[in-house]
Amino acid sequence: MELAVTLFDFFNITGLVAFAVSGVYKGTGKELDILGVSILGFLTALGGGIMRDVIVNRIPVALTGYSDVSFAIGGIAMGILLYRVFQIDISSRTIVKIFDAIGLAAFTVTGALVGIKSELNVVGIIIVAVLTGTGGGMISDLLIGEVPSILREDVYATCAMLGGLLLFILHKLSVPLQLAMFITLFFTLGFRLLAIFKNWHLPRF
Amino acid sequence: MELAVTLFDFFNITGLVAFAVSGVYKGTGKELDILGVSILGFLTALGGGIMRDVIVNRIPVALTGYSDVSFAIGGIAMGILLYRVFQIDISSRTIVKIFDAIGLAAFTVTGALVGIKSELNVVGIIIVAVLTGTGGGMISDLLIGEVPSILREDVYATCAMLGGLLLFILHKLSVPLQLAMFITLFFTLGFRLLAIFKNWHLPRF
Amino acid sequence: MELAVTLFDFFNITGLVAFAVSGVYKGTGKELDILGVSILGFLTALGGGIMRDVIVNRIPVALTGYSDVSFAIGGIAMGILLYRVFQIDISSRTIVKIFDAIGLAAFTVTGALVGIKSELNVVGIIIVAVLTGTGGGMISDLLIGEVPSILREDVYATCAMLGGLLLFILHKLSVPLQLAMFITLFFTLGFRLLAIFKNWHLPRF
């Protein structure tokens, strides 16, 4: 149990940092100042969770506690260092996609969990799972004037949808929540990694 | 009374389905996958109501009950069928504008009603009426990178504004709410249809 | 004390009117109708406060009381008059930037105050300060399809961030709130005016 909590936290932290770094990198080449890229990093890491909390009517945990915010700021600092000091262009590296997949999976689980605790219907649970997992990236895409990549990218939001659905089903089947969370975490991560490496596609419309 | 409820529900359902179909059609020709167009359909149908509920501080009914969500999903399925299977380009058909007007009128009334029950001021009531009636379309326009059509289209948001104002006035005059809702519904619908068929314009700025 | 309240209200009102006018002017040359520019004015003036209230879970004061709304509507009317009747192009005038700075400072203080009363962490307080001060402009920029200027403009959101941080620190040091608000107001205003007239820049990224 202790190990489980620790491992789950580790995934969540990885997600916060990875999303913050990717938010910073989104701002490169856009004539933004250093505050602008920091805002993008912040919103990419925490925006999804904030939107989720607003929807289920609670004050966003990102704005009351200190842990999430600290990791997001660490990720922003890391992103700025990587880009400005070490001049590393990470955007096309596979390692980034793997970290991003870890974040997506962890955020999908925390989102779906909040949905279950707020007694949402199955669609509501899927929506807060998707929003938590992809909302931050969606906000930062909008801010820089791009069509959000989750509307275009293959099998990204799909993973969060399936993850949210899976946690809902496991919960209905009375699987202990801690176990259900881990199954969902690894299912979502695995599905996303398969989509990346097998180059899965949804039908274009 | 029974009939009234039924007729009102019928209008509301028509709106949900019509908005979902129009959301799906917005996504055509944008290189979106099938999930992307479904998200557009979903947000067009339910996004306005979700924004309204967030603003008046209640968990969105679209995410707790099952009826609204079901009709939105039905509308998405219908939109996908119409476009992909029957390859019908509905976007310029007058019938679509009429269905859309029904949705606008129904959503204006439900929005204004929530505003009255939340004890908003008259501007607040008008805003939640407009947001419920046009917010879904606005979100989906933003997601595909277009200036929301309600900022440009003649006499669209205007109908929702006037509808919200009318329901507020009727309520202040102690007209029974059920009756006031019907008057507002048909006023908003009639005003919008007149705007379409008479080709009314607001002054350009 | 009385004077202090009056002066603070005066700044806040100046901000509401200035932001509403600037919102109207944002809509010029965009083929919007008169309702579209009014919506832009409204959202620029009140959108930040509405977003703040949504985040800290209270029904937006802009939608329940009548004072804020009245000043926003006055500002919209003034903006339309200035542009349409007197045909004045204010957009590049320094006086506009000064009024805008007054609004930014006043909204930063009211935002940070709400954050303190909602028991947010320091980052949360800074965020609601920035959101209140810059969120309205951000929404209207997004609606007209532009990258929000706060992501690009030098030392604008920075002022709100520093202001929010300052009020938090003064509050922690047990400075009386009324006094702390005034110090923060003038610090934020002064910092912004210095940034304008000294042409300060943050490093580009």
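Residues numbered from 1 in each chain as written. Chains lettered and ligands numbered in written order. Predicted model: local features only at pLDDT ≥ 70, side-chain atom pairs only at ≥ 80, totals over all residues. Heavy atoms only, no water.

- In the nomenclature of an unreviewed UniProt entry, chain A corresponds to Glycine transporter domain-containing protein from the organism Desulfurobacterium indicum.
- In its Sequence similarities (unreviewed entry) section, the UniProt record describing chain A reads: "Belongs to the UPF0126 family." (UniProt positions renumbered as here; feature names shortened; annotations may be inferred.)

Remarks on helix α6 (residues 122-143) of chain C
All names here are of chain C.
Okay, step 1: A rise of 1.5 Å per residue sets the reference length of α6, with its 22 residues, at 32 Å; its end C-alpha atoms lie 30 Å apart and thus fit the reference within 8%.
Okay, step 2: Maximum bend of α6: about 55 degrees, positioned at T134.
Okay, step 3: The distance from a side-chain oxygen at the start of α6 to the backbone nitrogen of V123 is 3.1 Å, and the residue carrying that oxygen is N121. (Helix = DSSP H or I, 4+ residues; strand = E, 2+ residues; numbered from the N terminus. Expected span 1.5 Å × (residues − 1). Bend = angle between axes of the 7 residues up to and from the residue. Polar contact = N/O pair within 3.5 Å; in protein donor to acceptor, adjacent residues only side chain to side chain.)

A short note on the interface of chain A and chain B
Okay, step 1: With 29 residues of chain A in contact, the opposing surface of chain B contributes 33 residues.
Okay, step 2: Roughly 2,500 Å² is buried in total at the junction of chain A and chain B, and carbon and sulfur atoms are behind 70% of that figure.
Okay, step 3: Across the contact surface, chain A and chain B share zero salt bridges.
Okay, step 4: Where chain A touches chain B, the interface holds five residue pairs in polar contact (both at pLDDT 80 or more).
Okay, step 5: Those elements that place two or more of their residues in the side of chain A that touches chain B are α2 (34-55), α6 (122-143), α7 (149-152) and α8 (157-172) of chain A.
Okay, step 6: Take the side of chain A that touches chain B: its biggest share by element is six residues, from α6 of chain A. (Contact = heavy atoms within 4.5 Å. Buried area = accessible area lost by both parts, 1.4 Å probe. Salt bridge = Lys/Arg side-chain N within 4 Å of Asp/Glu carboxyl O.)

As for the environment of D68 of chain A
Residues and elements named next belong to chain A.
Okay, step 1: With respect to the element layout, D68 can be found in helix α4 (residues 67-85).
Okay, step 2: For D68, a relative accessible area of 22% gives the class partly exposed.
Okay, step 3: Taking the C-alpha atoms as reference points, D68 and L104, separated by 36 residues in sequence, lie 15 Å from one another.
Okay, step 4: With residues up to four places along the chain from it excluded, the contact list for D68 reads N12, L16, L46 and V61. (Buried < 20%, exposed > 50% of the residue type's maximum accessible area, 1.4 Å probe, protein only.)

Some points on the UniProt feature "domain: Glycine transporter" (unreviewed entry) in chain A
Okay, step 1: The UniProt record marks residues 10-83 and 98-171 of chain A with the feature "domain: Glycine transporter" (unreviewed entry), using the residue numbering of this structure.
Okay, step 2: Its end C-alpha atoms 24 Å apart, residues 10-83 of chain A is made of 81% helix and 0% strand.

Some thoughts on unusual backbone geometry
Okay, step 1: Non-glycine residue N199 of chain B carries a positive phi angle of around 60 degrees.
Okay, step 2: Of note, N199 of chain B is situated in the segment after α9 (177-197).

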